[in-house]
Every structure is written in structure tokens, then in C-alpha cells.
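Structure assessment
Listed here are the chains, written in short residue letters.
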Amino acid sequence: MLRPYKKEDIPRIVELEKIHLESSLEESYYVEDMTNPLAKHYVFEIEGQVIGFISSIFDGFSIDILNLVIHQDFQEQGYGTKMLAAFLDEFVPLGVNSVSLEVRASNVKAIHLYEKLGFNKIHVRKEYYNHREDAYVMQKLYDTKKDMANLEAILFSKKCGLKFTSDFKERYCLNYYDLYDYKIKALHELREEDYLYVIANWTNYQLFDGFDISSCALMHVNAYQYHSLSKKQHKVHLNYLEDHLDFTYQVNLEYGEEYAKKYAEFSFDKIKENKIKLFSVLEENKTIGHVQVLEYHHSIFLLGVYVDAAYRNQGIASALIDACISYAKTSKKLEVYLEADAEDTPIQMYERMNFKQIEQIYEMFKEKAGTI
């Protein structure tokens, strides 16, 4: 488990540094950093024992990893991958753009780990380490599309006390980093048929019992290239919460009562905290359609464009998306993303609005509605 470090972890961190790095930032550094808002230091523990740590600085835009260590007794068992993957996930909701680090040119295993999780060599620092050894500077650029698609799931799983990894598979995308726990290639390196083969074989494991595979299209449009289809005007309300809990609960009942209840509460809280924007169309003060909006740098992501079945084909969905596009422009957001079921007719509607499919995302669904 990855968690932020505590004062009582500091002696263990320094011990691990001195064993594996031949030097340490020393206890005083970590004590002082407990009040430094830029310092982001984490330990990785197994059954209560700290076996690794990552120290870093985060300036709100990029992360600089200072030290990363797994105790020698736990190396080559996948713990380094899990620790770094969990660390990278921590920063998705914070809007990180990139993460960088230095590594000894001779540390082939570490370099392989970093490359596996999306790092690339961008520079060589000559004679950077003791004994005049060169350092590679490696950098990972976060993929806005994938990170936005995963953002709500990560936030929701934390709300439920779950990590968005192989322990959490309700109706969300497979965690991009979690794939590496199964020792297969990165998602973007797999052909579609290869990926489907891997997924099909995973479902044979007890871990995935009761799940089926589905897919959806990730679609994109530039806010200024968007084409409106609205003919009939519908007034769109911002952050209308009066019946949001019940409406959202009913929308998600197909995934099970416990999930529907928890997601409705999660969504309600995030809107109240102004972390998600809610656009709604009303009929006699009752919600008949809504869409939620996540903001991410210069982009917005539309979550769950939904219209009550009794009110469809009346231009309500178009009016909701129009309102989101207008919001994007006034907020200086240029890129707009949404997900659509791969075989759903709204894809045709989105295409007429100038949305283009840019990616296919594979998801795991429970075969029968149940609990998280």
C-alpha cells in the first residue's frame, strides 16, 4: 500500500537510502519537509512493514522524483512497479502534466521499469554520480485523454475506500498503470485483437469471475469547431441539486443498488465542492436530463450525458452539450471530450456535431447488477 509518509517513517526512509543509495537526504530534511506544501513523499508498505519509498517535489504542474527505493529483499517481485504505478495515479486528480527523474546509466533494471510505465530518456548528464557515472534524465508526459477518462473513477474509488486497480472493477476503464501488474505490454503498444485476447483470458481467472467486457468510444471536438444541432430551445440550469441524488440513483440502478447509492452521494458531494459542474434540463422543477463536466487544464470532459427515456428525441441532449460548449469557451477550454457506447446511436449525433472518435476504451462490466 502506498501512503504519505509520517514522522515515524523518517528513520526507516533514511535507513533505506543509506543501504541502497550510499547517501541520504538525512532526517532533518524529511522533518522540515513535513510542512513544505511542495514536498510529496510516500512510503510503500506490506503488512505494516515499510519496504520502499518515493520522495518528490510537485509544483502543481510537474513532479520531480528525488529518490525511489525498494528494499533489496523485496526486489524483482513486482513491488517497484506497483509502488511507482500507485504513485503516478496519485497525481492524476491534481492535474499533473509531467514527471521526471534521474537514473544511473548502468541501472538497466530501473530504466526498464521507468520505460514500462511511460518514461522516455530526454537528456544525459555527464559524470553526474560518484565514480563519474552518467545519469539519464527520464520524463513521463501524462496523457490527457486517458487521465481524464480515469479521473472520475479514481476519485470515486477513493471515496469508497478502494484503490482504482484490480480490486475495483464496476463499470470503469481498466487502470492504465495497473495493466503492468500482469506483465503484459503497455496498452498503447497492443493491437486491438491482442488486447481482446488478453482480456478474454483474464476472465478465466477467479479474480474476474462474474465480469464481462464492453467498450466505448472516446470522442473529441475543439470547442470552436463544434456544430450545434439544437432547434428547440431548452433552458439549462447549472448545479441544480434539488433532485440530483434521486435522479442519479435511478440512472445507475442497473449497476446495483449499492453502487447507485454511493455514486449519487459521490456526485452530489463533488458538485457541492465545485469539483464537478452539473448541467440540467428541468420539467416542472424535476430533472429530465443532465450532464456532468470535469475540468482539466485546457480541456473539459463530459460525464454521463443522460436524458430520461420519456423525453428523448426532443433536442435535450443537444441543448445540454451546447451549454457545455459555451461554458468551455467562456472558461477558455479548447478541447472537449466525451465517451459514447461503441454501438450506441448517439455516436452518429456526436459526429454531426463534429466530434471525432479518437480512441476505443475497453471496460469491465459486472454480468449481473450487484455491489461494488
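Predicted model only: the values in this text are computed from it and were never measured.

Below, the discussion takes up the overall build of the chain. Looking only at helices and strands, one finds ten helices and 14 strands in the chain. Considering only contacts within the chain whose residues lie at least 6 apart along the sequence, 67% involve residues at least 24 apart. Only carbon and sulfur atoms are counted for the fraction: they give 47% of the accessible area of the chain, which is about 19000 Å².

Given 3.6 residues to a turn, an α-helix orients residues that are three or four positions apart in the same direction. The set of residues buried in helix α4 (residues 108-116) consists of Ala110, Ile111, Leu113 and Tyr114. The arc that holds the buried residues of α4, viewed along the axis, is 160 degrees, so those residues lie on one side. Every exposed residue of α4 that faces more than 90 degrees away from the buried side is listed here: Val108, Lys109 and His112. Buried positions along α4 lie against β4 (62-70), α3 (79-90), β5 (98-104), β6 (120-125) and β7 (135-141). Where α4 terminates, the next one or two residues include Gly118, which has phi positive at roughly 100 degrees.

Before going further, it helps to spend a moment on the pairing of strand β10 (residues 277-283). Where burial is concerned, most of β10 is hidden: six out of the seven residues are buried. The sheet contact formed by strand β9 (residues 236-238) and β10 spans three bridges and is antiparallel. Bridge pairing links Val236 to Val281 in β10. Where β10 meets strand β11 (residues 286-296), seven bridges bridge the pair, whose relative direction is antiparallel. Within β11, the residue paired with Phe279 across the bridge is Val291. The turn linking β10 back onto β11 is made up of two residues, and Glu284 within it adopts a positive phi angle of 50 degrees.

Below, the discussion takes up the pattern of salt bridges. Applying the stated criterion across every chain yields a total of 15 salt bridges. For Arg3, the salt bridge goes to Glu45, with nearest N and O atoms at 3.3 Å. A residue pair is termed long-range when its members are at least 10 positions apart, and Arg3 in strand β1 (residues 2-4) and Glu45 in strand β2 (residues 42-46) qualify at 42 residues. Taken as a pair, Arg3 and Glu45 share a single burial class, namely buried. When the shortest N-O distance is used, the salt bridge between Arg125 and Glu102 registers 2.6 Å. Residue Arg125 is found in strand β6, and its partner Glu102 is found in strand β5; the two are separated by 23 residues along the sequence. Classification of Glu102 as partly exposed rests on a relative accessible area of 24%.

A separate point is the packing of aromatic side chains. Aromatic rings in a pair are described by how distant their centres are and how their planes are angled relative to each other. The final tally for this structure, using the stated rule, is 15 aromatic pairs. On the basis of an interplanar angle of 70 degrees and a centroid distance of 6.0 Å, the ring pair of Phe74 and Tyr79 is categorised as edge-to-face. Under the relative-accessibility criterion, Phe74 is labelled buried at 17%. Residue classification places Tyr79 among the buried positions, given a relative accessible area of 18%. Taken together, the ring pairs in this structure connect Tyr42, Phe58, Phe87 and Phe91 into an aromatic cluster. If you follow Lys121 out to its NZ or CZ, it ends over the ring of Tyr136, 4.5 Å from the centre.

Right, let's get into the packing of α3 against α4. Axis separation between α3 and α4 bottoms out at 11 Å; the angle between their running directions is 45 degrees. Considered as vectors, α3 and α4 are oriented oblique to each other. The chirality of how α3 crosses α4 is right-handed. Here Gly80, Thr81 and Leu84 of α3 come into contact with α4, specifically with Leu113, Tyr114 and Lys116. Residues that form the contact of α3 with α4 fall into these classes: three nonpolar, two polar and one charged.

Sheet topology places β5 next to β7; seven bridges connect them, and they run antiparallel. Looking at the pairing, Leu101 lines up with Met138 of β7. With five bridges connecting them, β6 and β7 associate as antiparallel partners. Bridge pairing in β7 links Lys121 to Met138.

Cut-offs applied
Residues numbered from 1 in each chain as written. Predicted model: local features only at pLDDT ≥ 70, side-chain atom pairs only at ≥ 80, totals over all residues. Heavy atoms only, no water. Helix = DSSP H or I, 4+ residues; strand = E, 2+ residues; numbered from the N terminus. Contact = heavy atoms within 4.5 Å. Areas by Shrake-Rupley, 256 points an atom, 1.4 Å probe, with all protein chains shown as cover. Buried < 20%, exposed > 50% of the residue type's maximum accessible area, 1.4 Å probe, protein only. Arc of directions from axis to C-beta. Pairing = 2+ DSSP bridges. Salt bridge = Lys/Arg side-chain N within 4 Å of Asp/Glu carboxyl O. Phe/Tyr/Trp six-rings, centres within 6.5 Å; stacked < 30°, edge-to-face > 60°. Lys NZ or Arg CZ within 6 Å of the ring centre and 35° of its normal. Axes fitted to C-alpha atoms, helices over the stretch in contact; angles between N-to-C directions. Parallel < 35°, antiparallel > 145°, perpendicular 65-115°, else oblique. Left-handed = near helix turned anticlockwise from the far one by under 90°. Nonpolar A, V, L, I, M, F, W, Y, C, P; charged D, E, K, R; others polar.

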